[in-house]
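Geometric and topological summary
Read off the chains here:
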Amino acid sequence: METALPRYAIKIEYSGEGFKGWQRQIDLPTIQGAIEDALRFLQKDHAGIQGAGRTDAGVHATGQVAHVDLTENWDPFRLGEALNFHLRYQPISILAAARVPDDFHARFGADERRYTFRLFCRRGALTFAKGTMWQIKHNLDVRAMREAAQYLIGKHDFTTFRSSICQASSPVKSLSELSIETSAHSGGTEIRFH
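In this report, we go over the structure that sits alongside the text. (Residues numbered from 1 in each chain as written. Predicted model: local features only at pLDDT ≥ 70, side-chain atom pairs only at ≥ 80, totals over all residues. Heavy atoms only, no water.)

Moving on: unusual backbone geometry. A positive phi angle, near 60°, is found at Asp27, a position not held by glycine. Among the secondary structure elements, Asp27 is positioned in the loop between strand E1 (7–14) and helix H1 (31–40). (Helix = DSSP H or I, 4+ residues; strand = E, 2+ residues; numbered from the N terminus.)

What follows is the structure, encoded as structure tokens:
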């Protein structure tokens, strides 16, 4: 069932470098702020966007979902193109837009979240991948990491890893999958944690 305010889901890719995270902050550059500023060219009085989650400063995304309510019935393709036009000087891209039901909620309707953490083991400084990986200058025991990772699978209380300003209602989370893969590159080894 649809209301007078059409709701759209948008799929977003961005480089978090230079941003203070996802959530809008006064006088600081954020992903949400940049997208909402672009939306103001399309509808000055929109109520803002709701993201599926928040990322910290410097974190990148390849498929984050958000939703927005607009007064105009936009063709989803044209909405994505219009936003991309107004975001063209930002490292943010709207990959897709779709009309969704009124009860669609990017945050509370998310079934899962997937993350990839990249680590590069080598002595020489990162050049092309700088800002997308964490670097250490020695090798790691990947077999031992894979073995230890299995203890994190399941439902656990992650209080020790929780930020002091975390707004989640509970530190208890379920981790359904944790894989670690390696590949040799440019004088070192990349380790990806999924």
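Spatial strand order, E6-E5-E10-E9: 4 strands in an open sheet with mixed pairing. Edge positions in the sheet fall to strand E6 (134–136) and strand E9 (180–185), since each has one partner strand and no second. For this sheet, the mean inter-axis angle between neighbouring strands, taken without regard to orientation, is 25°. Alignment of strand E5 (residues 117–121) against strand E10 (residues 188–193), held across 5 bridges, turns out to be antiparallel. (Pairing = 2+ DSSP bridges. Axes fitted to C-alpha atoms, helices over the stretch in contact; angles between N-to-C directions.)

The next thing to look at is H1. Two residues of an α-helix separated by three or four positions point the same way, owing to the 3.6 residues in each turn. Of all 10 residues in H1, 8 are buried, a share of seventy percent or more. All of the buried residues along H1 are Ile31, Gln32, Gly33, Ala34, Ile35, Glu36, Ala38 and Leu39. Buried residues in H1 make contact with E1, strand E2 (49–51), strand E3 (61–69), helix H2 (76–86) and strand E4 (92–100). If you check the start of H1, you find a side-chain oxygen 3.0 Å away from the backbone N of Gly33, and it comes from Thr30. (Buried < 20%, exposed > 50% of the residue type's maximum accessible area, 1.4 Å probe, protein only. Contact = heavy atoms within 4.5 Å. Polar contact = N/O pair within 3.5 Å; in protein donor to acceptor, adjacent residues only side chain to side chain.)

Turning our attention to the sheet that holds E4. Ordered by their spatial adjacency, 4 strands build an open sheet running E2-E3-E1-E4, and the pairing between neighbours is antiparallel. Every other strand in the sheet has two partners, leaving E2 and E4 as the edge strands with one partner each. For this sheet, the mean inter-axis angle between neighbouring strands, taken without regard to orientation, is 30°. Two strands pair when backbone bridges link them, and E2 and E3 are joined in this way by 3 bridges, in the antiparallel orientation. Directly across from Ile49, in E3, lies its bridge partner Val68.

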